[in-house]
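Inside the fold
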Amino acid sequence: MTHTPIRLGMVGGGKGAMIGEVHRIAARLDNRFVLVAGALSTSPERNAESAAACGIAPDRIYDDFAEMARAEAARPDGIEAVSICTPNHVHFPAARAFLEAGIHVICDKPMTSTLEDARALAQIAEASDALFVLTHNYSAYPQLRLAREMVARGDLGPLRLMQVEYAQDWLTEPSDSKQASWRGDPAKAGAGGSIGDIGTHAYQLARFVTGMAPDRLAADLSSFVPGRAVDDNAQIMLRYASGAKGSLWCSQVASGTENALRLRIYGEMAGIEWLHEAPETLWFTPFGAPAQKLRRGVETMAGSRVPPGHPEGYLEGFANIYAEAADAIRAHQAGTPHETLLPGIRDGIEGLEFIDACIRSARADSAWVETGHG
């Protein structure tokens, strides 16, 4: 099949922004997108420099996203989709501008900085003819897609226990870097610190693989670094309507830990375990039998690009989101039914409900609270 690249714009992600470059690499890895327009920075100088480095023509460089949405929607060769790679508080107004202009949106997580904005954006997306995709990239790893299939077909039996953790150490000390500054500012990041930045990833991953959302949680949120206005560590217990129990730990002050995302799920018959540092391996542990090491293989697994033994990981998982978004956009444009596992509006709202429930629980001395989506 011949794929005409989708004309892509980008908001945020300019010079010095790690996640913007990740989006650009992921978008072009399968030749499904071509970046043609951008409002990459609020600094005019950095915006121009960043756009030039990305090969964006001078007449497609915009001072702000609102101008970009209006101008690109009016062009016959205007962008078909936009990537939003900004601090959290810009997600809502930027996504709204492009959805209302009929332009498909691929947005970084969390979907918005507040639950109120998330619910408002859901209504805007419902009224728009454009798609909304949220880049929870870990759910696109082949071995985690396999884990989801195994849970769904009952390989583990009825689920009993779920444990997920995401630990980093990059905020162990006070930092005045640009990335740390906005993440530590509730006006820009939202009320959640580590729970918003990486906790939502852990939460969505467990939700994706198990197919279950907890109906109650109890959260202990900490700010270990003096003066920090948001949490930098969270320990959360989860209860499910089925009777299953879970726990989630996320931390950005776990000294000596780089990017440790780990998922373990146990049912009455077997368990599974996945570790981000070895993403091509899924361990299946049936009760009373030897553990099985399940490895990625391109012959049997969607989302793989190279033969087994040639490592794939973070960028490829991100690229799977973009490739699947391209499929969904082209199917939508053609009016063709299309099934997808892409994270979207529902995942975004549940992420903000998770953050909201954690904060409510922590303020009540870690009391059990309802999540609103069990």
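Before going into details, it helps to say that this report is about the structure given with it.

Rules used throughout
- Residues numbered from 1 in each chain as written.
- Predicted model: local features only at pLDDT ≥ 70, side-chain atom pairs only at ≥ 80, totals over all residues.
- Heavy atoms only, no water.
- Helix = DSSP H or I, 4+ residues; strand = E, 2+ residues; numbered from the N terminus.
- Expected span 1.5 Å × (residues − 1).
- Buried < 20%, exposed > 50% of the residue type's maximum accessible area, 1.4 Å probe, protein only.
- Pairing = 2+ DSSP bridges.
- Core = buried A, V, L, I, M, F, W, Y, C linked by side-chain atoms within 4.5 Å.
- Phe/Tyr/Trp six-rings, centres within 6.5 Å; stacked < 30°, edge-to-face > 60°.
- Lys NZ or Arg CZ within 6 Å of the ring centre and 35° of its normal.
- Contact = heavy atoms within 4.5 Å.
- Salt bridge = Lys/Arg side-chain N within 4 Å of Asp/Glu carboxyl O.
- Polar contact = N/O pair within 3.5 Å; in protein donor to acceptor, adjacent residues only side chain to side chain.
- Axes fitted to C-alpha atoms, helices over the stretch in contact; angles between N-to-C directions.

For helix 4 (residues 88-100), built from 13 residues, the straight-helix expectation of 18 Å at 1.5 Å per residue is met to within 8% by its first-to-last C-alpha distance of 19 Å. All of the buried residues along helix 4 are N88, V90, H91, F92, A94, A95, A97, F98 and L99. Phi turns positive, to about 80 degrees, at G102, one or two residues after helix 4.

To continue, consider the pairing of strand 12 (residues 281-286). As paired elements, strand 11 (residues 270-275) and strand 12 share five bridges and run antiparallel to each other. Along strand 12, the bridge assignment pairs G271 with T285. What sits between the antiparallel neighbours strand 11 and strand 12 is a turn of five residues. Note: strand 12 against strand 13 (residues 292-295), four bridges, orientation antiparallel. What sits directly across from L282, in strand 13, is L294. Hairpin remark: strand 12 followed by strand 13, antiparallel, with five residues in the connecting loop; positive phi at G288, about 75 degrees.

Before going further, it helps to examine the nonpolar core. Core analysis: the biggest nonpolar cluster contains 78 residues, and F132, V209, I236 and I272 have the highest contact counts within it. Formed by 26 residues, the second largest nonpolar core is a distinct cluster that contains V22, A27, A326 and L342.

Evaluated as defined, the whole model comprises seven aromatic pairs. On the numbers, 5.8 Å between centres and 40 degrees between planes, the contact of Y138 with Y141 is tilted. In this pair, the class of Y138 matches that of Y141, namely buried. When the ring of Y138 is compared with that of Y166, the centres are 5.9 Å apart and the planes differ by 85 degrees; the resulting orientation is edge-to-face. Residue Y138 is found in the loop between strand 5 (132-134) and helix 6 (142-152), and its partner Y166 is found in strand 6 (residues 159-167); the two are separated by 28 residues along the sequence. With relative accessibility at 3%, the residue Y138 sits in the buried group. Here Y166 falls in the buried class, since its relative accessible area comes to 3%. If you follow R148 out to its NZ or CZ, it ends over the ring of F208, 4.5 Å from the centre. We note R239 situated over the ring of W368; from NZ or CZ to the ring centre the distance is 3.8 Å.

Quick look at the environment of A291 now. Relative to the assigned elements, A291 resides in the loop between strand 12 and strand 13. Look at A291 and you get partly exposed, because its relative accessible area is 45%. Taking the C-alpha atoms as reference, A291 lies 9.5 Å from A270; in sequence the two are 21 residues apart.

Taking 1.5 Å per residue as the helical rise, helix 5 (residues 115-127) with its 13 residues ought to reach 18 Å, and the 19 Å between its terminal C-alpha atoms agrees with that figure. Buried residues of helix 5: L115, A118, L121, A122, I124 and A125, and no others. The inward-facing, buried residues of helix 5 abut helix 4, strand 5 and helix 11 (345-363).

On to the pattern of salt bridges, then. Taken as a whole, this structure holds 24 salt bridges when the rule is applied. With its nearest N and O atoms 3.7 Å apart, the salt bridge here joins R60 to D77. Of this pair, R60 sits in the loop between helix 2 (44-53) and helix 3 (65-74) while D77 sits in the loop between helix 3 and strand 3 (81-85), placing them 17 residues apart in sequence. Judged by its relative accessible area of 33%, D77 falls in the partly exposed class.

Moving on, we come to the side chain of S41. Within the element layout of this structure, S41 appears in the loop between strand 2 (33-39) and helix 2. Of the residues examined, S41 reaches a relative accessible area of 14% and is grouped as buried. For S41, the side chain forms a polar contact with the main-chain nitrogen of S43, separated by 3.1 Å.

Note on sheets: strands pair through backbone hydrogen bonds, and any given pair is parallel or antiparallel. Reading across the sheet, the five strands line up as 2-1-3-4-5 and stay open at both edges, with parallel pairing between neighbours. Every interior strand has two partners, whereas the edge strands, strand 2 and strand 5, have only one. Strand-to-strand, the axes of this sheet are offset by a mean angle of 25 degrees, without reference to chain direction. Across four bridges, strand 3 lies against strand 4 (residues 104-107) in parallel orientation.

Keep in mind these numbers describe shape, not what the thing actually does.
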